[in-house]
Amino acid sequence: MTTIKACLFDLDGVIVDTAVYHYKAWKQLANSLGFDFTEHQNEQLKGVSRVRSLELILGWGGVTKTSEEQEVLATQKNTQYVEMISHMKPDEILPGAKEFVQACRDAGLKTALGSASKNSMMILEKIGMVDLFDAIIDGNKVSKAKPDPEVFLKGAEAVGVLPEECVVFEDAIAGIEAAIAGGMKSVGIGSHDLLGEADLVISGLHEMTLEKLRAL
Ligand code: G6P
Ligand code: MG
């Protein structure tokens, strides 16, 4: 059995519930273009970069845009999203998230953030969790989006731990696939139906313990 030495956390939907804000902002954009998409389709956007998310959404609406127009639309969505998250407070940390990250640190494990979001730092500052991570790998530091394992491999490297000694916490299908592709253990945050590929599925970090971590 491999000993776990580091925990790598996705941000949106794992530490904070910003997945809801992403959904709202994308939905408004789609509606302004004259179509809508379902919550089920939204699952495919979780963990996926801003640019790729827009491509998927435009595809669902059967809308074609030039790359210049796409840039304008992506900026429009981000402006709206940033306005939503600019009011975030520490009370928006998901139940048990801060406590579990702290418990990992107290147990001598390394902690890293692995998120596709270019707004990660702003969110961590708003919720007061910057100092709880030994490394922060965000959308500004990666070139390949999940399900590519780059974000987590960089996180493992930054904290000096081998991939097989890492556990990834993720709410996105693409994120679980990234963990698997990187040779890491994974814990899905959400429903078993969606994240069944993970080694363990829990509804939130409030359900996670060091005992469950060691049993992975
Ligand atoms: C996370 C979210 C995605 C989002 C991506 C980029 O992975 O789960 O929904 O599209 O980050 O976020 P950003 O804040 O850079 O637009
Ligand atoms: Mg997520």
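Scroll up a little and you will see the structure.
Residues numbered from 1 in each chain as written. Chains lettered and ligands numbered in written order. Predicted model: local features only at pLDDT ≥ 70, side-chain atom pairs only at ≥ 80, totals over all residues. Heavy atoms only, no water.

Another aspect to go through is the coordination of the magnesium ion (ligand 2). Coordination sphere of the magnesium ion (ligand 2), protein contribution only: Asp10 (OD), Asp12 (O) and Asp171 (OD), at 2.0 to 2.1 Å. Between the donor residues of the magnesium ion (ligand 2), the gaps in sequence give the motif D-x1-D-x158-D. Highlighted residues: aspartate 10 in the loop between strand S1 (6-9) and helix H1 (19-32) and aspartate 171 in the loop between strand S4 (166-170) and helix H8 (173-181), separated in sequence by 161 residues. As far as burial versus exposure is concerned, aspartate 10 and aspartate 171 are alike and both buried. (Donors = N, O, S within 2.8 Å, 3.2 Å for Na, K, Ca; no water. Helix = DSSP H or I, 4+ residues; strand = E, 2+ residues; numbered from the N terminus. Buried < 20%, exposed > 50% of the residue type's maximum accessible area, 1.4 Å probe, protein only.)

A few words now on the site of ligand 1. Around ligand 1, 14 residues are found, and the nearest of them are Val48, Arg50, Ser117, Lys118 and Asn119. Leucine 45 places a polar main-chain atom, nitrogen or oxygen, 3.4 Å from an oxygen atom of ligand 1. Contact between ligand 1 and lysine 118: an oxygen atom at 2.7 Å from a main-chain N or O atom of the residue. Taken by itself ligand 1 offers 390 Å² of open surface, and the protein chains cover 97% of this. Judged by its atoms lying within 2 Å of the grid points, ligand 1 is housed in the largest pocket. Split by residue class, the shell around ligand 1 holds four nonpolar, six polar and four charged. (Near = heavy atom within 4 Å. Polar contact = N/O pair within 3.5 Å; in protein donor to acceptor, adjacent residues only side chain to side chain. Areas by Shrake-Rupley, 256 points an atom, 1.4 Å probe, with all protein chains shown as cover. 1 Å grid on protein atoms, 1.4 Å probe; cavity = no way out; pocket = protein on both sides within 12 Å on 5 of 7 lines; lining within 4 Å. Sits in = over half its atoms within 2 Å of the grid points. Nonpolar A, V, L, I, M, F, W, Y, C, P; charged D, E, K, R; others polar.)

Using the criterion set out here, one finds eight salt bridges in the structure. Lysine 5 serves as the salt-bridge partner of glutamate 165, at 3.2 Å between the closest nitrogen and oxygen. Highlighted residues: glutamate 165 in the loop between helix H7 (150-158) and S4 and lysine 5 in the segment before S1, separated in sequence by 160 residues. For glutamate 170, the salt bridge goes to lysine 146, with nearest N and O atoms at 2.6 Å. (Salt bridge = Lys/Arg side-chain N within 4 Å of Asp/Glu carboxyl O.)

What follows is about the sheet that holds S4. An order of S3-S2-S1-S4-S5-S6 is seen for the six strands of this open sheet, with the pairing classed as parallel. Strands with a single pairing partner mark the edges of an open sheet, and in this sheet they are strand S3 (135-137) and strand S6 (200-202). Each adjacent strand pair in this sheet contributes to an overall mean axis angle of 20°, direction not counted. Note that S4 and strand S5 (residues 185-189) share four bridges and pair parallel. Note on S5: the bridge partner recorded for phenylalanine 169 is valine 187. Lying over the sheet, H7 contacts S1, strand S2 (110-114), S3 and S4, oriented at roughly 160° with respect to S3. Strand contacts of H8: S4 and S5, with the helix running at about 170° to S5, the strand carrying the most contacts. (Pairing = 2+ DSSP bridges. Axes fitted to C-alpha atoms, helices over the stretch in contact; angles between N-to-C directions. Contact = heavy atoms within 4.5 Å.)

On to the packing of aromatic side chains, then. The final tally for this structure, using the stated rule, is six aromatic pairs. Between phenylalanine 9 and phenylalanine 133 the ring centres are 6.2 Å apart and the planes differ by 65°, which places this aromatic pair in the edge-to-face class. Here phenylalanine 9, found in strand S1, pairs with phenylalanine 133, found in the loop between helix H6 (120-127) and S3; they are 124 residues apart in sequence, far enough to count as distant. Relative accessible area serves as the criterion here: at 0%, phenylalanine 9 is assigned to the buried category. By relative accessible area, phenylalanine 133 is classed as buried at 7%. Taken together, the aromatic side chains of Phe9, Phe100, Phe133 and Phe169 make up a single cluster linked through ring pairs. (Phe/Tyr/Trp six-rings, centres within 6.5 Å; stacked < 30°, edge-to-face > 60°.)

These figures come from the coordinates and say nothing about function on their own.
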